[in-house]
2 protein chains.
Amino acid sequence: MDPLSREHAAARDASDPLGGFRARFVTDDPQRIYLDGNSLGRLPVATRDRLAALVSEWGERLVSGWSEWIDAPVHVGDMLATGVLGAQPGEVIVSDSTTVNFYKLCAAVLEGRPGALVTDEGNFPTDRYVLQGLAAAHGRELRLVGDHGDVQDACARRDVALVALSHVAYRSGALADLPGITSAVRAAGAEMVWDLSHSVGAVPIGLRAAGVELAVGCTYKYLNAGPGAPAFLYVARERQAGLRSPIWGWFGQREQFAMERPYDPEPGIRRFLAGTPPILDLAAVEEGARLTVEAGVEAIREKSVAQTELIVALHDATLAPLGFSLGSPRDPALRGSHVSLRHPEAWPICRALIERADVVCDFRGPDSIRLGVAPLYTRYADVWDAVDRLRELVAHGEQRLVDAEPGRVT
Amino acid sequence: MDPLSREHAAARDASDPLGGFRARFVTDDPQRIYLDGNSLGRLPVATRDRLAALVSEWGERLVSGWSEWIDAPVHVGDMLATGVLGAQPGEVIVSDSTTVNFYKLCAAVLEGRPGALVTDEGNFPTDRYVLQGLAAAHGRELRLVGDHGDVQDACARRDVALVALSHVAYRSGALADLPGITSAVRAAGAEMVWDLSHSVGAVPIGLRAAGVELAVGCTYKYLNAGPGAPAFLYVARERQAGLRSPIWGWFGQREQFAMERPYDPEPGIRRFLAGTPPILDLAAVEEGARLTVEAGVEAIREKSVAQTELIVALHDATLAPLGFSLGSPRDPALRGSHVSLRHPEAWPICRALIERADVVCDFRGPDSIRLGVAPLYTRYADVWDAVDRLRELVAHGEQRLVDAEPGRVT
C-alpha cells in the first residue's frame, strides 16, 4: 500500500493502540478536522461530568469543601509530576497562569544573583515580556539570542544569572535539548528555567533525569484542561527551601490559618502558591491529565512522531510544489507535536482552511501555518484529509476568496 | 410583636423585597443555616446552568471560542464596575487571584516612588504578606498600625509611599471610611490601595465618588462566584497609563497577536492582565455578579444592616449572659455584613455549632466566631434560629462534647 495513501492512513488508525482514546473526548463535529490542540485541547467527556459534579459539590458542601479542595494544587501537581513530567511528588503545583508562574520562578532566581537574563528572540511572547519586565525592574541586561545553539555563547562570559527557554518553540515546533542545554547553562553558573507549555503531554519530559530544576507549563494545550486553565510550576525538591516567590501569598504560608503571624513560607512546593486556587479548573486539569497519564506519554510521542512525519512527507509530495516550505525541523527527534508550514500567503490560506475546508489550524506571523497533532484524538486519516484539503484549496487559489483582514488568533 | 421573637423574624421574611432571590440559589439543605457566605458564597442556579453551557461551548467551538472569550476579563469587569463598584466601564478587569492583583497594584505604585508601606496589623494575612514581601524586595519599611484611626499619624511625616487597607476587616467586620481615609492618605502624598474582598456585594462602594483610584477584591464571597474564582482589579481611568504591572504578560500587550514586538502595554485597564484568563471561572463571576446587580447593592445593604442588627440585639439579650461579647462595631454604619462574637471557647463553640447544630459559621483566631449574612439568600428566620441554636448549645455546654483539635478553617 502506498504509505502516502489515504488507505494507509485509515489502516494505521484501525491498528492504532491509542485509537480508543478519541471516544473519551467530545467530538460532535464529524466534518471538522481539529489540528489546533497545540493551542486549545478538546473537551474530555470525563471533564464535562466531573465539572458538573464539582459544581454540585460546591452547592452542597459550601465552605466545608475546602477541607479537601485545599490540597488540589499539590494533589493535581503530584499527578503531573509522576505521570507526565518525570518529577517526584511534592515538586509540582498547579495554580495561577503560566505567565504568573514564570514570573515567580524567574524573579525568585534573580533575588541576590547578579547578571544578565538570556532567552531566544523566538521565545513565546509572554515569556519574553516577563523577562523584559524583570530586566527593567532589576536593572539587568536582557540578551536575546537567535536560537538555542547560541545560548552557550551568551553564557560564555559567566555574567548570566538566568536563561529561560521553551522546550518546544511555539512557532517552528523545534524541540530543545533539555538535558544538554540545562547542563551547559548550569555549568556556566546560571539558572535555567524551562517553559514546557508546547511540549507537556506530547513529548516525554524527564525533568529529574534531565537535571532540570525549574520549569513551568500550560495545561490547556495537550493536557486538555480547558480555556484559561491554571498552569503548573515545578521546583526540584532540593531547590525549594532556597528559593522564594516574589508574591508572598497566604496559600504559601506555613500553617496558613494561624493568621496572626508574619510571613513564613512552607518549606516545600506550596511556598510557590499565592492566592486562593481555582477549584473548578483544578478538577479540569486533573481529568485532562488523567487521560495523558493513562495513555502514557511514550505512546503518545510515538504516534505524534508518526503523524508529524506523515505531514512532512505529504508536504514534500503535495504542498512543496504549491509554494510551501517546511518551517519545522525535518528530523523528528528535533520536533515537537506540531508542524509549521511556511507560505507567503499563510494568513489567507489559514483563514480559508478554517472557513472553507473546516480544518482548524492556526497562523503565527509572519508566514506560518501550524498543524498540531494531539495523538489522543487526532487520527491518521485526519492528518491525511487535512493536508489534502489544504492542497486542494491552494491549488484552486481559494485563499484569495476569503476576507482575511488581519485579526485575532490565539 | 416582640421584635426579638421568631414570629417577628418570619414576618420580616414574608415582606422582604429580596425574599425571592433565595430561590435563585441552590439550597438543598433545609436544616442547614449557612452564615458563611462571607467566606464562600452559595451556588446560583444560573451559574450551574451557565457553566454546563460553557463547557459544551468549549467542546464545540474549541479554539474559535477565543474570539469572544478574550473580552471576558473586561466585559465581566464592566458589569462589576457599573453595577457593583461605582466605577466606569474600562476601569475593572477580572482575572488572577486577589493576592496576585494586590501584588500587581502595590508593586506598580512603588515603582519610582520612595517611602514606607503602611497597613493595619489586623489586615487580611495575604495582604500583609504581600506588603511584607514588597517591603523586603524594595528595601522599604513596613509600618503596621493598630487600627485605621492611626493611619493619618503613620503618614504624618510624609515619608509614606503606599497605604493599603481592607474596606471591611475580615475579623471584626469593621467598615472603614473609604472616602475619608483615601483623601487623608492622598493629602499626605501617598498612594492608597483598597482591598474590597469583604465588602463587595454587601456594602455600597462608590469608588469614583470616594476618590478611590486603586482597588482589588474577591468574587467568591458575596458575589457567589465559586471556590477560587478570579478576583477583580480596579484602576481609575486617569491613573491607568501611568502605572505598570510588574508582571509583563501577553494579555496586557497592545495588539497581543502581533507577537514579534517588544512589550508595549495596552493604554487602558487591560495592561493589568497577565496570562490567559480562566474562561469558565469568568462566566461564574458574571452569573454571580448579575444577581447582585439585579437586586441592587443598596437594597442588599439595607437588609444586611437589619440582619446584623438582629444578631447584635439577640446577642445582647441571649448570648452576652453566656460569656459572649461583641467583636464587631455596635454602630451599623461602621460594620460590614458579618458580626464577630467573641468567647473564650470560641473554637470549640464554632465546631459544635457546625457539627451538632448545623449552623455554618467560621472561626477566626484567637477568640472570634463570625456570623455572616448574605442578604440574597439569608432569611431573618435563619438569623434568629442560628443565634437560638448557638444560645442553646452553649447553655448546655455542648462545646465541650466536640473533638476540637485546632484545624483548618477557611
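What this report covers is the structure whose coordinates are included nearby. Model, not experiment: these values are computed from the prediction.

About the criteria used
- Residues numbered from 1 in each chain as written.
- Chains lettered and ligands numbered in written order.
- Predicted model: local features only at pLDDT ≥ 70, side-chain atom pairs only at ≥ 80, totals over all residues.
- Heavy atoms only, no water.
- 1 Å grid on protein atoms, 1.4 Å probe; cavity = no way out; pocket = protein on both sides within 12 Å on 5 of 7 lines; lining within 4 Å.
- Points joined across faces, edges and corners; volume = space filled by probe spheres on them.
- Helix = DSSP H or I, 4+ residues; strand = E, 2+ residues; numbered from the N terminus.
- Nonpolar A, V, L, I, M, F, W, Y, C, P; charged D, E, K, R; others polar.
- Contact = heavy atoms within 4.5 Å.
- Buried area = accessible area lost by both parts, 1.4 Å probe.
- Salt bridge = Lys/Arg side-chain N within 4 Å of Asp/Glu carboxyl O.
- Polar contact = N/O pair within 3.5 Å; in protein donor to acceptor, adjacent residues only side chain to side chain.
- Least-squares fit on C-alpha atoms with pLDDT ≥ 70 in both.
- Phe/Tyr/Trp six-rings, centres within 6.5 Å; stacked < 30°, edge-to-face > 60°.
- Buried < 20%, exposed > 50% of the residue type's maximum accessible area, 1.4 Å probe, protein only.
- Core = buried A, V, L, I, M, F, W, Y, C linked by side-chain atoms within 4.5 Å.
- Expected span 1.5 Å × (residues − 1).
- Axes fitted to C-alpha atoms, helices over the stretch in contact; angles between N-to-C directions.
- Parallel < 35°, antiparallel > 145°, perpendicular 65-115°, else oblique.
- Left-handed = near helix turned anticlockwise from the far one by under 90°.
- Pairing = 2+ DSSP bridges.

**Some details on the layout of surface pockets**
Thought 1: Considered as a void within the structure, the largest pocket measures approximately 560 Å³ in volume.
Thought 2: Taken together, 25 residues make up the lining of the largest pocket; nearest its centre are Tyr-103, Ala-137 and His-138 of chain A together with Tyr-103 and His-138 of chain B.
Thought 3: Among the elements of the structure, helix 5 (98–110) and helix 6 (125–138) of chain A together with helix 5 (98–110) and helix 6 (125–138) of chain B are those that each provide at least two residues to the lining of the largest pocket.
Thought 4: Taken together, the residues of the lining of the largest pocket sort by class into 15 nonpolar, six polar and four charged.

**A few points about the interface of chain A and chain B**
Thought 1: Between chain A and chain B, the contact holds 73 residues from the first and 73 residues from the second.
Thought 2: Between chain A and chain B, roughly 6400 Å² of surface is buried when both sides are summed, and carbon and sulfur atoms account for 66% of that area.
Thought 3: Taken as a group, Trp-58, Tyr-129 and Trp-248 of chain A account for 12% of the area that chain A buries against chain B, more than any other trio of residues on that side.
Thought 4: The interface formed by chain A and chain B contains zero salt bridges.
Thought 5: Our count for the chain A to chain B interface comes out at 20 residue pairs in polar contact (both at pLDDT 80 or more).
Thought 6: Mapped onto the side of chain A that touches chain B, the elements with two or more residues apiece are helix 2 (45–61), helix 3 (66–69), helix 5, helix 6 and helix 10 (279–295) of chain A.
Thought 7: Here the element with the most residues in the side of chain A that touches chain B is helix 6 of chain A; it accounts for eight residues.
Thought 8: Class assignment for the residues of the side of chain A that touches chain B results in 39 nonpolar, 19 polar and 15 charged.

**A look at the relation of the copies chain A and chain B**
Each of the two chain copies can be generated from the other by rotation about an axis followed by a shift along it.
Thought 1: With an RMSD of 0.0 Å, the fit of chain A onto chain B corresponds to turning through 180° and sliding 0.0 Å along the axis. A rotation of that kind, with that shift, is consistent with a two-fold axis.
Thought 2: Same-surface contact between copies: 100% of interface residues of chain A are shared with the interface of chain B.

**Considering the packing of aromatic side chains**
Thought 1: On inspection of all chains with the given rule, the structure shows 21 aromatic pairs over all chains.
Thought 2: With a centroid separation of 5.0 Å and 65° between ring planes, the pair formed by Phe-25 of chain A and Tyr-377 of chain A is classed as edge-to-face. Placement of Phe-25 of chain A in the loop between helix 1 (6–14) and strand 1 (33–34) and of Tyr-377 of chain A in the loop between strand 13 (368–372) and helix 13 (380–395) is noted, with a sequence separation of 352 residues between them. The two residues Phe-25 of chain A and Tyr-377 of chain A agree in class, both being buried.
Thought 3: Taking 5.5 Å as the distance between ring centres and 50° as the angle between the ring planes, the aromatic pair formed by Tyr-129 of chain A and Tyr-263 of chain B counts as tilted.

**Description of empty space enclosed by the protein**
Over the atoms, a rolling probe the size of a water molecule traces out where space has been left empty.
Thought 1: Using the criterion set out here, one finds nine cavities of 30 Å³ or more in the structure.
Thought 2: As for the largest cavity, its lining consists of 23 residues, and the residues nearest its centre are Phe-124, Tyr-220 and Lys-221 of chain A together with Trp-250 and Thr-276 of chain B.
Thought 3: Elements represented by at least two residues in the lining of the largest cavity include exactly helix 5 and helix 6 of chain A.
Thought 4: Classifying every residue of the lining of the largest cavity gives eight nonpolar, 10 polar and five charged.
Thought 5: Put simply, the second largest cavity is a space of about 200 Å³.
Thought 6: The wall of the second largest cavity is formed by 20 residues, among which Asp-96 and Pro-278 of chain A together with Asp-96, Ser-97 and Pro-278 of chain B lie closest to the centre.
Thought 7: Classifying every residue of the lining of the second largest cavity gives seven nonpolar, nine polar and four charged.

**A word on the nonpolar core**
Thought 1: Counting residues in each nonpolar core, the largest one holds 232 residues, and the members touching the most others are Leu-85, Trp-194 and Leu-196 of chain A together with Leu-85, Trp-194 and Leu-196 of chain B.
Thought 2: What Leu-85 of chain B contacts, discounting residues up to four positions off in sequence, is Leu-80, Val-92, Leu-196, Val-200, Ile-205, Gly-206, Leu-207 and Phe-232 of chain B.

**Quick notes on helix 10 (residues 279–295) of chain B**
Residue and element names in this part refer to chain B.
Thought 1: A rise of 1.5 Å per residue sets the reference length of helix 10, with its 17 residues, at 24 Å; its end C-alpha atoms lie 25 Å apart and thus fit the reference within 8%.
Thought 2: Within helix 10, 14 of the 17 residues are buried, which leaves it mostly tucked inside the rest of the structure.
Thought 3: Immediately beyond the C-terminal end of helix 10, within one or two residues, lies Gly-296, with a positive phi of roughly 90°.

**Observations concerning the pattern of salt bridges**
Thought 1: The full count for this structure, using the stated rule, is 72 salt bridges over all chains.
Thought 2: Glu-68 of chain A is the salt-bridge partner of Arg-61 of chain A, the closest N and O atoms lying 3.2 Å from each other.
Thought 3: The class of Arg-61 of chain A is partly exposed, set by a relative accessible area of 25%.
Thought 4: Here Glu-255 of chain B ties to Arg-261 of chain B by a salt bridge, and the two come within 3.3 Å at their closest N and O atoms.
Thought 5: Exposure remark for Glu-255 of chain B: the relative accessible area of 48% places this residue in the partly exposed category.
Thought 6: Given the relative accessible area of 40%, Arg-261 of chain B is considered partly exposed.
Thought 7: When salt bridges that share partners are traced, they join Arg-113, Arg-186, Glu-191, Glu-213 and Arg-239 of chain A into one network.

**Describing the packing of helix 2 of chain A against helix 10 of chain A**
All names here are of chain A.
Thought 1: Close contact between helix 2 and helix 10 brings their axes to 9 Å; oriented N to C, the two are set at 150°. The angle between helix 2 and helix 10 falls in the class roughly antiparallel. Crossing of helix 2 against helix 10: the hand is right-handed. Across the interface between the two elements, Ala-46, Thr-47, Arg-50, Leu-51, Leu-54 and Val-55 from helix 2 touch Ile-279, Leu-280, Ala-283, Ala-284, Glu-286, Glu-287, Gly-288 and Arg-290 from helix 10.
Thought 2: Among the residues forming the contact of helix 2 with helix 10, the class breakdown is eight nonpolar, two polar and four charged.

**A few points about the sheet that holds strand 13 (residues 368–372) of chain B**
Residue and element names in this part refer to chain B.
Thought 1: The four strands lie next to each other as 9-10-13-12, forming an open sheet whose pairing is antiparallel. In this open sheet, the two strands that pair with only one neighbour each are strand 9 (325–326) and strand 12 (362–364).
Thought 2: Both strand 12 and strand 13 contribute to a ladder of three bridges, which runs antiparallel. Within strand 13, the position partnered with Arg-364 by the bridge is Ser-368.
Thought 3: Packing against the sheet, helix 11 (residues 297–319) makes contact with strand 9, strand 10 (338–342) and strand 13, and its axis sits at approximately 20° to strand 10.

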